[in-house]
Amino acid sequence: MTILRILFLVALAQLVPLAFIAVDLRELGLAWNVRNSVDVYNSQSIYAFSSLIFPSLFVLLYALLNKIRNQEKFYRETLATMNDQVVVVDVSGKMVFANKNAGDEGRIELFRQLAALELTNDSDILKIDGSTFAVSFSSFDRYRVINLKDITPIIEREKLISDQQAQLTRNEHLASLGTMASGIAHEINNPLAVILGNLEVLKQLIPKDPQTDRLTQRIEAMVIRISEIVKTMKKLSRTDLSVEASQFSLREVFHDLNEIFGIKIKGTGIDFRMSGEFREIMALANQSQLTQVLINLLNNAYDEVVTHPDPWIELEARSTRDLLEIRVRNSGPRISDDLLDKIFTPFFTTKAPGEGTGLGLSISYNIMKKFDGDLYVDGQERHTTFVVRLPQARRLAA
């Protein structure tokens, strides 16, 4: 409080004894002048006392009101800067306070409706414009305080943590399956080597004729085919997600896909096509992980078209100067626009309950991003088309 303000209050307080003196002069029938006023002032000690006590009271009262005003300003500014949305209403439902985060008129009307409800002081959950709020009520005197706290980020973080935990669990399962597959592949290779060795001995022991040659050649071809499948299984069993990118031929990837996926579609009537420049392209990524991504896309395509009439699945490779593009296309219709924004979200699936985890596309997308690539849906195609893009190392000599 400044000196000038104190002096002003002291001067203002002197009006009180002057008012009493004016009343006394009027009752005594004396003229209003300085002499008569001084005589009346000196005639009673109450005037001297009031000249001292009223300025003190004015100063104290002003200080008290100023303190109350500053406290009110502090609390209002504190409420105004809160991230929560706070509204205070009286018993009639009239709003007496709303902080700046309470929103526009539409949100204010919502608060009025909430205030009118006979709700308890406990917290509850409320959905507003796609966001999730925790709404709580409290009361004091004749007022109710309504507090809306936006907990959408908290829920999203909890969901992200849950998704990451589920993905870690899935990766652990994949690692276990990979270890098991590698062990099985090793155990299969041993008897295959014995079969091939004994087959060579049989060729030397039995008489040669066209029918015997055909039989031994067929046995040898089947053993070699089993060996190739086992080799591919061992390659795909590598589940280390920390490996760095390296150069490899796309031709090898397409060969492995033909071996593995060809077995799955055998006898289903699905026409599986591979086209493009895959024989000439060198990719820059991790071969086993790219193969896993493409197998996942091919399996999704299989699930979509296996019951269609005249089903087909196409794997096409294209290249530019720096990028290679692999398109996985099938005979199903293009994916609708309302699914495009959700399709790579963890746990989102269009399959029936129990038939899909909703993690395949999400994991595949993250794998491609890790190697500076991309995975997306081409919404301009007539049929369902997923596009894998990766850096290209170099082209093989023709």
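These figures come from a predicted structure and were not determined experimentally.

Colleague: How should I be thinking about the overall build of the protein in this particular structure?
Modeller: Within the protein, the regular secondary structure consists of 11 helices and 12 strands. Put simply, the protein has 398 residues, and 33% of those count as buried. Once local pairs closer than 6 in sequence are excluded, the contacts in the protein between residues at least 24 apart make up 61%.

Colleague: Looking at this structure, I do not really get the nonpolar core. What am I missing?
Modeller: Burial of nonpolar side chains together is a common tendency in soluble globular proteins. One finds Leu-250 and Leu-290 to be the most contacted residues of the largest nonpolar core, which totals 41 residues. Listed by contribution, the elements that provide at least two residues to this core are α8 (250-265), β8 (281-285), α9 (287-305), β9 (312-319), β10 (323-333), α11 (360-370), β11 (374-377) and β12 (383-395). Ranked by residue count, the leading element in this core is α9, at nine residues.

Colleague: What is the right way to read the packing of aromatic side chains from this model?
Modeller: Aromatic ring pairs: the centre-centre distance and the angle between the two ring planes describe each pair. One pass over the structure, following the stated rule, counts one aromatic pair. Ring centres of Phe-261 and Phe-272 lie 5.1 Å apart, and the angle between their planes is 70°; on these two criteria the pair is classed as edge-to-face. Taken together, the positions of Phe-261 in helix α8 and Phe-272 in strand β7 (residues 271-276) put the pair 11 residues apart, joining distant regions of the chain. With respect to class, Phe-261 is no different from Phe-272; both count as buried.

Colleague: What is the right way to read unusual backbone geometry from this model?
Modeller: Working note: non-glycine residues mostly have negative phi, and peptide bonds are mostly trans. At Asp-310, a residue that is not glycine, the phi angle is positive and equals roughly 50°. Along the polypeptide, Asp-310 turns up in the loop between α9 and β9. Notably, Asp-372 is not glycine yet its phi reads approximately 60°, a positive angle. Relative to the helices and strands, Asp-372 resides in the loop between α11 and β11. The exposed category is assigned to Asp-372, whose relative accessible area is 64%.

Colleague: Explanation requested: the pattern of salt bridges in the structure shown.
Modeller: Once the charged atoms of two side chains with opposite charge are near each other, the side chains can pair. The final tally for this structure, using the stated rule, is 13 salt bridges. Salt-bridge contacts for Arg-273 lead to Asp-271; the nearest nitrogen and oxygen are separated by 3.1 Å. On the basis of relative accessible area, Arg-273 is assigned to the partly exposed category, the value being 33%. Classification of Asp-271 as partly exposed rests on a relative accessible area of 38%. The closest approach of N and O atoms between Lys-369 and Asp-374, which form a salt bridge, is 3.5 Å. For Lys-369, a relative accessible area of 39% translates into the label partly exposed. The class of Asp-374 is partly exposed, set by a relative accessible area of 23%.

Colleague: What is the right way to read the side chain of Thr-216 from this model?
Modeller: Among the structural elements, Thr-216 can be located in helix α7 (residues 210-236). Leave out the neighbours within four places in its chain, and Thr-216 touches Leu-199, Lys-203 and Ile-206.

Colleague: Explanation requested: the packing of α9 against α11 in the structure shown.
Modeller: Two measures define how a pair of helices packs: the angle their axes make with one another and the distance between the axes. For the pair α9 and α11, interaxial distance at closest approach is 10 Å and the crossing angle is 145°. The chirality of how α9 crosses α11 is left-handed. Each of Gln-289, Leu-290, Val-293, Asn-296, Leu-297 and Asn-300 in α9 lies in contact with α11, whose residues at this interface are Gly-360, Leu-361, Ser-364, Ile-367, Met-368 and Lys-370. Each residue belonging to the contact of α9 with α11 can be placed in one class, and the counts come to six nonpolar, five polar and one charged.

Colleague: Any chance you could explain the packing of α8 against α9 here in plain terms?
Modeller: Put simply, α8 and α9 touch, their axes get as near as 10 Å, and they point 35° apart. The interaxial crossing formed by α8 with α9 has right-handed handedness. Residues Leu-250, Glu-252, Val-253, Asp-256, Leu-257, Ile-260, Phe-261, Lys-264 and Ile-265 of α8 form the contact with α9, whose participating residues are Gln-287, Leu-290, Thr-291, Leu-294, Ile-295, Leu-298, Asn-299 and Tyr-302.

Colleague: Would you explain α11 in this entry?
Modeller: Residues three or four positions apart in an α-helix share a direction because the helix packs 3.6 residues into each turn. Taken together, the buried positions of α11 are Gly-360, Leu-361, Ser-362, Ile-363, Ser-364, Ile-367 and Met-368. Once α11 finishes, Asp-372 follows within two positions and takes phi at roughly 60°, a positive value.

Colleague: What is the right way to read the pairing of β9 from this model?
Modeller: Working note: regular strand, side chains alternate between the two faces of the sheet. By the criterion of burial, β9 is predominantly enclosed, with seven of the eight residues buried. Two strands pair when backbone bridges link them, and β7 and β9 are joined in this way by six bridges, in the parallel orientation. The residue bridging Asp-271 from the neighbouring strand is Trp-312, located in β9. The sheet contact formed by β9 and β10 spans seven bridges and is antiparallel. Within β10, the residue paired with Ala-317 across the bridge is Ile-326. What sits between β9 and β10 in their antiparallel hairpin is a turn of three residues.

What counts, and at which threshold
- Residues numbered from 1 in each chain as written.
- Predicted model: local features only at pLDDT ≥ 70, side-chain atom pairs only at ≥ 80, totals over all residues.
- Heavy atoms only, no water.
- Helix = DSSP H or I, 4+ residues; strand = E, 2+ residues; numbered from the N terminus.
- Buried < 20%, exposed > 50% of the residue type's maximum accessible area, 1.4 Å probe, protein only.
- Contact = heavy atoms within 4.5 Å.
- Core = buried A, V, L, I, M, F, W, Y, C linked by side-chain atoms within 4.5 Å.
- Phe/Tyr/Trp six-rings, centres within 6.5 Å; stacked < 30°, edge-to-face > 60°.
- Salt bridge = Lys/Arg side-chain N within 4 Å of Asp/Glu carboxyl O.
- Axes fitted to C-alpha atoms, helices over the stretch in contact; angles between N-to-C directions.
- Left-handed = near helix turned anticlockwise from the far one by under 90°.
- Nonpolar A, V, L, I, M, F, W, Y, C, P; charged D, E, K, R; others polar.
- Pairing = 2+ DSSP bridges.

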